[in-house]
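# Residue-level structural notes
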Amino acid sequence: MMTGAEAIIESLKNENVDVVFGYPGGSVLTLYDALYQANFKHILTKHEQGAVHAADGYARATGKVGVVIATSGPGATNLVTGIATAYMDSIPLVAITGQVAVPLIGRDSFQEADIRGITTPITKHNYLVKKVEDLPGVLKEAFYIARTGRPGPVVVDVVKDVFAAVLDYQYPKEVKLRGYRPIFAGNLETIDKVFKELSLAQKPLIFVGGGVNLSGASAVLRDLIEQTGFPVISSLMGLGCLPFDHPQFLGMVGMHGTYAANMATTECDLLLGIGVRFDDRVTGLLSEFAKKAKVVHFDIDPAEINKNVMAHLRVVGDLNWSLPALVERVKDVSAELKGHVQSWNDKVISWQQEKPLNYEHQTDLVMPQEVIEKVSQLTQGDAVIVTDVGQHQMWVAQYFGFKNPRSLLTSGGLGTMGYGLPAALGAQCGLPDRKVILFVGDGGIMMNCQELATAANYGFPVKVLIFNNQTLGMVSQWQRMFYGGRYSHTSLKGNTDFVKLAEAMGVTGLRVTKAEELDKVLEEALATPGPVVVDIRTPEKVDVLPMVPAGARLDQMILGGSEG
Amino acid sequence: MKHTLAVLVENRPGVLTHISGLISRRAFNIESIAAGYTEEPDTTRITIVVEGDEIEQEQVVNQLSKLVDVIKITDLTAVESIQRELVLIKVKASVETRSDIINIVDIFRARIIDVNRETMVIELSGDETKIDALCQVLEDDHGIIEIVRTGKIALSRGPIPAKDR
């Protein structure tokens, strides 16, 4: 016999959870008492939003389920942005929240919020546990649902009395859910049809997304690319699943995609979308997207098919099933396929050479793109990179040069400012031996800057590189381009001394104001043990280019640099 | 076009929240929704009528299928099926007008289930157009005080239940 709180700890152990992130409060006191008595590893952040983003960063970096705990009412509602962030990017999370005692539910009691109702649109599933004997089964289901199929966040709201109630604990061995059977293998006949399309295509293009990173199918994807010789583009979330310097890789597609990637998408006659959801930041004007192409859509989630882009062929199933099956079909005709697409490949490469990514180099000012390239060199592209949201996020996507899956942690779908710092801490917690580097703007850092104190408390050696251009960069870029340069409330001039802020929280603070200081300070930051903040002063008016204006066609790019 | 979906779900608290939440989040065009217990105590059956083209209809089915508590969805538009709706109509009725109302009720094979000095309550089950027609006549000739409709429920013909389709 044990209490509900102890049963939760036992269940976490059964699920091989080695750390939880959270923040205590009234209705989870009994659970926190059990954590204390079990000496279970818990990371205390400074804000529940920090805890949930940290659990998300942990999950993205390690591939395991992230676990976060918060109290009822405001504790639970502070998780909402983090849960929505995880939901949009299909990140496995289990959030355990306390709920007021059964007799108090529905009476607007102190610290009561209907977190189940609130999180229904932003969770894969959620539960309210009112009976202690339901706990083991619910937790088993929660972890199973979070990690299988298309992953996602699950909320388990537990009524306060349940933590103290006693049960005869038995953790179920398996899950029985009539309405949830994640698909692994699909129909082999569709693979034959896809193969047929591959052999007919003159201008094929492979488009990879977050699904490849999430499913761990990078190796087999690389196989497919080697066997077919087809050119490849990626979404933001797909970066890293093949090395940036692979000769067939054209870079990121979409609003801030490369010229070659966007042109290839416009001109291709067969588009293989692999683990992608054809987000509006990718497609631009949807009705004109890849208009000359037959689309083959590979996804584990049947609801993604025909949601945005109509698929000529659908391959529903785990990429670890579909991609090997396709590789099996193409490997005998590999040479033919490659010969077939030679002239298309030449064309695509000429686009890439004609208009590569480029930016204006300055002798005195520190260009943000240059910082990113420098960090990539210094870390040999091997670090775990975390970003916040905005201009720096797009520059990291364009210029960092990712080599490995799960090496870019970024809020792609929801675009959550304030995500970066706590997510970096979670990643570092999960991968203590890796270098974790956060790129963040001077706007985004302030949205969860309290977590610098968490970094100092636990000694997480995250390197925080603040691109301090004294403005909300991406918003002001749109104001410059589309709102006649009326900079409504985007100036952040003179607000904060980030070096002092870092030092006040127990973090080393460094600063770069001139281009000549950059190398030295970056090297110092990377060599300094423990967490470091680098306040990097960058010019105010630099645009992320190329840019496809919202609602325009992908080939209607505003190009940058010397092509201006 | 309209599609009638038979949605079998776990009979658990919160299921209807999940379904209605999904419908509003995805901005689906739902004409009616009716839920009730079934021959299996742990299963609830919901009949949903969706308005929209094939693509929209496919999205509704796919997104609803993703809900963990949704066991099975069958599109009853594609098979031979019986579709019914129940309505209760409170109509203005004086001593003088009662007999005319009774005539109308007979023609529609409806039933009178309550009478008092100023009103009558009429019950009718049938398809949507029949119910609409009765409502129209009663409104035009006598005046309706209030109406309650259940939304459509549907069952396939023949021996195969929705759960096995």
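Residues numbered from 1 in each chain as written. Chains lettered and ligands numbered in written order. Predicted model: local features only at pLDDT ≥ 70, side-chain atom pairs only at ≥ 80, totals over all residues. Heavy atoms only, no water.

### Notes on the overall build of chain A
Summing up its helical and strand segments, chain A has 23 helices and 20 strands in all. A compact globule built from 564 residues would reach a C-alpha radius of gyration of about 24 Å, and chain A, at 24 Å, matches this within 12%. For chain A, the spread of C-alpha atoms along the three principal axes comes to 70 × 60 × 40 Å. Burial status across chain A gives 59% buried among its 564 residues. Within chain A, residue pairs in contact and separated by at least 24 positions form 76% of the contacts whose partners lie at least 6 positions apart. (Helix = DSSP H or I, 4+ residues; strand = E, 2+ residues; numbered from the N terminus. Rg over C-alpha atoms; globule rule 2.2 N^0.38 Å. Buried < 20%, exposed > 50% of the residue type's maximum accessible area, 1.4 Å probe, protein only. Contact = heavy atoms within 4.5 Å.)

### Here we look at the state of the cysteines
Taken as a whole and judged by the stated rule, the model has 0 disulfides over all chains. Cysteine A:Cys268 is unpaired, with the sulfur of A:Cys241 as its nearest cysteine sulfur at 17 Å. (Disulfide = S-S within 2.5 Å.)

### What about the domain arrangement of chain A?
One frequently used descriptor of interface size is the decrease in accessible area upon assembly of the parts. Residue and element names in this part refer to chain A. Once the domains are mapped, chain A shows domain 1 (2-167), domain 2 (188-354) and domain 3 (368-544). Taken together, the contact pairs 7 residues of domain 1 with 6 residues of domain 2. Summed over both sides, the interface of domain 1 with domain 2 buries roughly 550 Å², with 61% coming from carbon and sulfur. When the buried area of domain 1 at its contact with domain 2 is split by residue, Met88, Asp89 and Arg150 rank highest and sum to 67% of it. One can count 2 salt bridges joining domain 1 with domain 2. With a shortest N-O distance of 2.8 Å, Arg150 and Glu304 are connected by a salt bridge. Inspection of the region where domain 1 meets domain 2 yields 2 residue pairs in polar contact (both at pLDDT 80 or more). Classifying every residue of the side of domain 1 that touches domain 2 by side-chain character gives 2 nonpolar, 2 polar and 3 charged. (Domains from an automatic or database assignment. Buried area = accessible area lost by both parts, 1.4 Å probe. Salt bridge = Lys/Arg side-chain N within 4 Å of Asp/Glu carboxyl O. Polar contact = N/O pair within 3.5 Å; in protein donor to acceptor, adjacent residues only side chain to side chain. Nonpolar A, V, L, I, M, F, W, Y, C, P; charged D, E, K, R; others polar.)

### Remarks on the interface of chain A and chain B
With 22 residues of chain A in contact, the opposing surface of chain B contributes 23 residues. The junction of chain A with chain B conceals about 1,800 Å² of combined surface from both sides, 46% of it contributed by carbon and sulfur atoms. Between chain A and chain B we count 5 salt bridges in total. With a closest N to O distance of 2.9 Å, A:Arg314 and B:Glu58 form a salt bridge. There are 12 residue pairs in polar contact (both at pLDDT 80 or more) connecting chain A and chain B. Secondary-structure elements contributing two or more residues to the side of chain A that touches chain B are strand E6 (125-129) and helix H7 (135-147) of chain A.

### Some thoughts on helix H11 (residues 218-228) of chain A
All names here are of chain A. Buried within H11 are the following residues: Ser218, Val220, Leu221, Leu224, Ile225 and Thr228. Buried residues along H11 cover an arc of 165° about the axis, so they all sit on one side. In the core, the buried residues of H11 are packed alongside strand E9 (204-208), helix H10 (210-215), strand E10 (232-234), strand E12 (270-274), helix H14 (319-330) and helix H15 (334-340). Gly229, located one to two residues past H11, shows a positive phi value of around 75°. (Arc of directions from axis to C-beta.)

### Side note on the environment of A:Trp395
Residue and element names in this part refer to chain A. Locating Trp395 in the fold gives a position in helix H18 (residues 391-399). For Trp395, a relative accessible area of 4% gives the class buried. Separated by 136 residues in the primary sequence, Trp395 and Pro531 have C-alpha atoms spaced 23 Å apart. Not counting residues within four places of it along the chain, the set of residues in contact with Trp395 comprises Pro368, Gln369, Ile372, Phe400, Val542, Asp543 and Val544.

### Quick look at the side chain of A:Ser334
All names here are of chain A. The residue Ser334 is located in helix H15 in this model. Owing to a relative accessible area of 10%, Ser334 belongs among the buried residues under this scheme. Other than its neighbours up to four places away in sequence, Ser334 contacts Glu226 and Gln227.

### A look at the packing of aromatic side chains
Residue and element names in this part refer to chain A. Applying the stated rule across the entire model yields 11 aromatic pairs over all chains. Measuring from ring centre to ring centre gives 5.7 Å for Phe439 and Phe467, while their planes differ by 65°; the resulting arrangement is edge-to-face. Taken together, the residues Phe439 in strand E17 (residues 436-441) and Phe467 in strand E18 (residues 463-468) connect sequence positions 28 residues apart. Grouping residues by exposure puts Phe439 and Phe467 together as buried. A centroid spacing of 5.4 Å and a plane angle of 75° characterise the contact between Trp478 and Phe482, whose relative ring orientation is edge-to-face. One end of the pair is Trp478 and the other is Phe482, both in helix H21 (residues 473-482) and 4 residues apart, which spans about a single turn. When its relative accessible area of 22% is taken as the criterion, Trp478 is described as partly exposed. When its relative accessible area of 36% is taken as the criterion, Phe482 is described as partly exposed. (Phe/Tyr/Trp six-rings, centres within 6.5 Å; stacked < 30°, edge-to-face > 60°.)

### Looking at the sheet that holds E17(A)
Pairing between sheet strands relies on hydrogen bonds along the backbone, with the strands arranged either parallel or antiparallel. Residues and elements named next belong to chain A. If you walk across this open sheet you meet the 6 strands as E16-E15-E17-E18-E20-E19, and the pairing is parallel. Looking at strand neighbours, the two that pair on one side only are strand E16 (408-409) and strand E19 (508-512), the edges of this open sheet. Both strand E15 (residues 384-387) and E16 contribute to a ladder of 2 bridges, which runs parallel. Each bridged residue has a counterpart across the sheet, and for Ile385 the counterpart in E16 is Leu408. Across the sheet, helix H17 (residues 368-378) is in contact with E17, E18 and strand E20 (532-537); its angle to E18 comes to roughly 160°. (Pairing = 2+ DSSP bridges. Axes fitted to C-alpha atoms, helices over the stretch in contact; angles between N-to-C directions.)

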